[in-house]
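# Overview (structure and organization)
Spelled out from the first residue to the last, the chains are:
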Amino acid sequence: MLCLGIESTAHTFGCSVVEYNKERPSSAPEDGFILSETRDIYQASAGWGIHPRDASKHHSQVATDILKKCLEEAGISIKNIDLISYSAGPGLGPCLRVGAVVSRSLASFHNIPLVPVNHAVGHLELGIKLTNSNNPLTLLVSGGHTMLLVYYKNKWRIFGETLDITLGQLFDQVGRKMGFASPCGNKIEELSGLSKGSCLHTLPYIIKGNDVSFSGLLSSVKSLIDDKSNNLYDICFSLQETAFSIIVEAVERALAFTGNKEFLIVGGVSANKRLSEMLNSACMTHGSVFHSCPLRYCGDNGAQIAWTGSQIYSSDKSSSIMPENASVNQSWRLDSVYIPWR
């Protein structure tokens, strides 16, 4: 089965073709099931975040070219596609609607089954597939999510999450304060690496059970930036060390409680090397194997939507919807999604 996945939740418009083979063992090494993966990312102006209207306009402008490149890279035409899946939420409404419109137009014109996919579940499922994990304790960290999750009885259960802003939002807001354009995680990591670590600013450290909070940390870091006597390198170093320590404490508590012998990190922030280093150390302490989603697929991409859509449709053919019913849900919680294929 060939599935076309369309991703458009935030700054990325992406398309991917995935080959799904139900007979192939899920634990088998997979280096060829993603036939193509193309994307284009909306670039905000320096000092600004993602404006939903401007990002959706960008998606509309690049959609045709990205889709063509995706099919060409896979060496097929739209007539070879057996299934179309699209990111139906959570995300920015105007951006989600672009993907939904493209998907239902293709599905309607070519009479192809259409499946809505939860974007967050897509991150988890593709990460598990690419790392050959079984049932890991999973950390999803991105611009839209900061969640610790375990799979139990056909649903992903939240073991802990942010009480206010996400780790990605924390880095983006700090980066914009410094004059960078979102996403800013890579700039924060780069500047932190230039610090010699001789100055670790004291910052708010808030964790309540397995839930975390970053809003106080954000306010304190902004105050440090306003004081021109402070070195930006040391500020970024202090920000990373504090925020990641909060996350690692929550992960260690979850590992101790669940006794899980596998751990997986997915999402855009999972590309941060320092975070992976700290989490790997924590996993070694608890006798758990550390997995990280491959760098190319850390951020938003069509492959996560195509792969998850394939699993949904393969397990339940009635999951497909009529094109005219292809709606979106900006606040679609991943712990509300029924997972029949596990």
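The present account deals with the structure reproduced in this document. In this numbering scheme, every chain counts its residues from 1 along its sequence in written order. It should be noted that, the model being predicted, local features are given only for residues of pLDDT at least 70 and side-chain atom pairs only at 80 or more, the latter also being counted only at that level, while totals for whole chains, interfaces and linings use all residues. Note that water and hydrogens are dropped before the side-chain values are worked out from all heavy atoms of the structure.

## Topic: the sheet that holds strand β2 (residues 12-19)
At least two DSSP bridges between two strands are needed for those strands to be called paired. Helical segments are the DSSP runs of H or I of at least four residues, strand segments are the runs of E of at least two, and each set is numbered from the N terminus. Spatially, β3-β2-β1-β4-β5 is the arrangement adopted by the five strands of the open sheet, whose pairing is mixed. In the strand order of this sheet, the two ends are held by β3 (34-41) and β5 (114-118), each with one partner. Across the sheet, the axes of successive neighbouring strands diverge by a mean angle of 20 degrees, strand direction being ignored. Where strand β1 (residues 2-7) meets β2, six bridges bridge the pair, whose relative direction is antiparallel. Bridging from a neighbouring strand, Leu-4 pairs with Val-17 of β2. With axes taken as lines fitted to C-alpha atoms, and helix axes fitted only over the stretch in contact, angles between N-to-C directions fall between 0 and 180 degrees.

## Topic: helix α8 (residues 273-285)
Helix span, expected: 1.5 Å multiplied by one less than the number of residues in the helix. The terminal C-alpha atoms of α8, which comprises 13 residues, lie 19 Å apart, in line with the 18 Å expected from a rise of 1.5 Å per residue. In this scheme, a residue with accessible area under 20% of its type's maximum is buried, one over 50% is exposed, and one in between is partly exposed, where area comes from a 1.4 Å probe on protein chains only. Buried within α8 are the following residues: Leu-275, Ser-276, Met-278, Leu-279, Ala-282 and Cys-283. Buried residues along α8 cover an arc of 165 degrees about the axis, so they all sit on one side. Of the exposed residues in α8, those oriented more than 90 degrees away from the buried face are Lys-273, Met-284 and Thr-285. For this quantity, the arc is that covered by the directions from the helix axis to the C-beta atoms.

## A short note on the packing of helix α7 (residues 232-258) against α8
Viewed as axis vectors pointing N to C, α7 and α8 meet at an angle of 30 degrees, and their least axial separation amounts to 10 Å. Classed by the angle they form, the pair α7 and α8 counts as roughly parallel. Crossing hand, α7 versus α8: right-handed. Side by side, α7 and α8 meet where Gln-240, Glu-241, Phe-244, Ser-245, Ile-247, Val-248, Val-251, Glu-252 and Leu-255 of the first sit next to Arg-274, Leu-275, Met-278, Leu-279, Ala-282, Cys-283 and Thr-285 of the second. Any residue outside Ala, Val, Leu, Ile, Met, Phe, Trp, Tyr, Cys, Pro, Asp, Glu, Lys and Arg is labelled polar, Gly included; the first ten of those are nonpolar and the last four are charged. Residues belonging to the contact of α7 with α8 are distributed by class as follows: ten nonpolar, three polar and three charged. Roughly parallel here means an angle under 35 degrees, roughly antiparallel means over 145, roughly perpendicular means 65 to 115, and every remaining angle is called oblique. Crossings are sorted by hand: turned counterclockwise from the far helix by less than a right angle, the near helix makes the crossing left-handed, and turned clockwise it makes it right-handed. The criterion used for residue contact is that any of the two residues' heavy atoms lie within 4.5 Å.

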